[in-house]
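These are the residues of each chain, in order.
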Amino acid sequence: IARQKGSPDFAYLLDTASARLGKPISHGEMETLLYLYDTAGLPAEVVLMVIEYAVAMGKANMRYIEKVALDWADREIDTIGKAEEHLCRLERRRQAWEAFATLCGIGQSPTAAQQDAVERWTTDWSMPEPLLRLAYNYCMEKTGKFNSSYMDKVLERWHGEGITDEAQAAETLGGGKPKKK
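Cut-offs and rules
- Residues numbered from 1 in each chain as written.
- Predicted model: local features only at pLDDT ≥ 70, side-chain atom pairs only at ≥ 80, totals over all residues.
- Heavy atoms only, no water.
- Helix = DSSP H or I, 4+ residues; strand = E, 2+ residues; numbered from the N terminus.
- Contact = heavy atoms within 4.5 Å.
- Areas by Shrake-Rupley, 256 points an atom, 1.4 Å probe, with all protein chains shown as cover.
- Lys, Arg positive; Asp, Glu negative; His and termini not counted.
- Charge placed at Lys NZ, Arg CZ, Asp CG, Glu CD.
- Core = buried A, V, L, I, M, F, W, Y, C linked by side-chain atoms within 4.5 Å.
- Buried < 20%, exposed > 50% of the residue type's maximum accessible area, 1.4 Å probe, protein only.
- Salt bridge = Lys/Arg side-chain N within 4 Å of Asp/Glu carboxyl O.

Caption draft 1: How the structure looks around the overall build of the chain. Along the backbone of the chain there are 10 helices and zero strands. If you list the helices and strands of the chain from N to C, you get α-α-α-α-α-α-α-α-α-α. Expressed as lengths along the three principal axes of its C-alpha atoms, the size of the chain is roughly 75 × 25 × 20 Å. Within the chain, counting contacts between residues at least 6 apart in sequence, those at least 24 apart form 53% of the total. Surface accessibility of the chain: about 10,300 Å² in total, with carbon and sulfur atoms responsible for 49%. Across the chain, the centroid of the 23 positively charged side chains sits 7 Å from that of the 27 negatively charged ones.

What follows is the structure in structure tokens.
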């Protein structure tokens, strides 16, 4: 409470956090926010961005907020610009997974490794949807399940060989024409 009275930035953090969470800040939550602000060294605006993210994700509890904020501090995401860039990347990952899951009919929530792989395939390698579907179907045929590591090896090979056509890709699998599913 003394820190709140002595620091307009921290007072702003508490007031705004309370408004964004839609409830008064408890004493324990105040201590967590003070820790993030003072000890972890995150500016009030960055902590508030973490809170906004947590609310948007439906995880507006202080344990989740603290975990995310400390992760950001470890990654040196300590400015509004860095936080915006990080949030944009997270959104790209979410959208990439959503598009891939829709394309292949996957209903499961992704692991971090699966999200990393799908982001690499779609963003870094710009794999066209027919190749993603072909690799997925091949993976399902060979392993009986979605295995991002298995698909990654197939897609990495195609990427390395510059294959962007479904017929070329199918030939590398030894099947000639691609199977339609």
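Caption draft 2: Structural context of the environment of Ala117. Summarising the element assignment, Ala117 is placed in helix α7 (residues 112-124). Along the chain, Ala117 and Leu155 lie 38 residues apart, while their C-alpha atoms are 10.0 Å from each other.

Caption draft 3: Expanded view of the nonpolar core. In this structure, Leu13, Leu33, Ile51 and Trp72 are the most contacted members of the largest nonpolar core, which totals 28 residues. The set of elements that each furnish at least two residues to this core consists of α2 (8-21), α3 (27-39), α4 (44-56) and α5 (62-74). Here this core gets nine residues from one element, more than from any other, and that element is α4. For Leu33, the residues in contact, after removing those within four places along its chain, are Phe10, Leu13, Leu14, Ala17, Ile25, Val47, Ile51 and Met62. With 27 residues, the next largest nonpolar core counts Leu103, Ile106, Ala117 and Val154 among its residues.

Caption draft 4: How the structure looks around the side chain of Thr32. Of note, Thr32 is situated in helix α3. The exposure class assigned to Thr32 is buried, which follows from its relative accessible area of 15%. In this view, Thr32 contacts Met62 and Glu66; residues no more than four positions away in its chain are not counted.

Caption draft 5: Examining unusual backbone geometry more closely. Located in the positive-phi region is Glu76, a residue other than glycine, with phi close to 60°. Glu76 sits in the exposed class, given a relative accessible area of 53%. The phi torsion at Ser126 lies on the positive side, around 50°, for a residue other than glycine. One can find Ser126 in the loop between α7 and α8 (129-143).

Caption draft 6: Quick look at the pattern of salt bridges. Here the structure, examined in full by the defined rule, presents 11 salt bridges. Arg75 is paired through a salt bridge with Asp71; the nearest N and O atoms lie 2.9 Å apart. Where Glu91 meets Arg94, a salt bridge forms, and the shortest distance between an N and an O atom there is 2.6 Å. Taken together, the residues Glu91 and Arg94, both in helix α6 (residues 80-104) and three residues apart, mark about one turn of the helix. With relative accessibility at 32%, the residue Glu91 sits in the partly exposed group. Here the salt bridges share partners, and the residues they tie into one network are Arg89, Arg93, Asp116 and Glu119.

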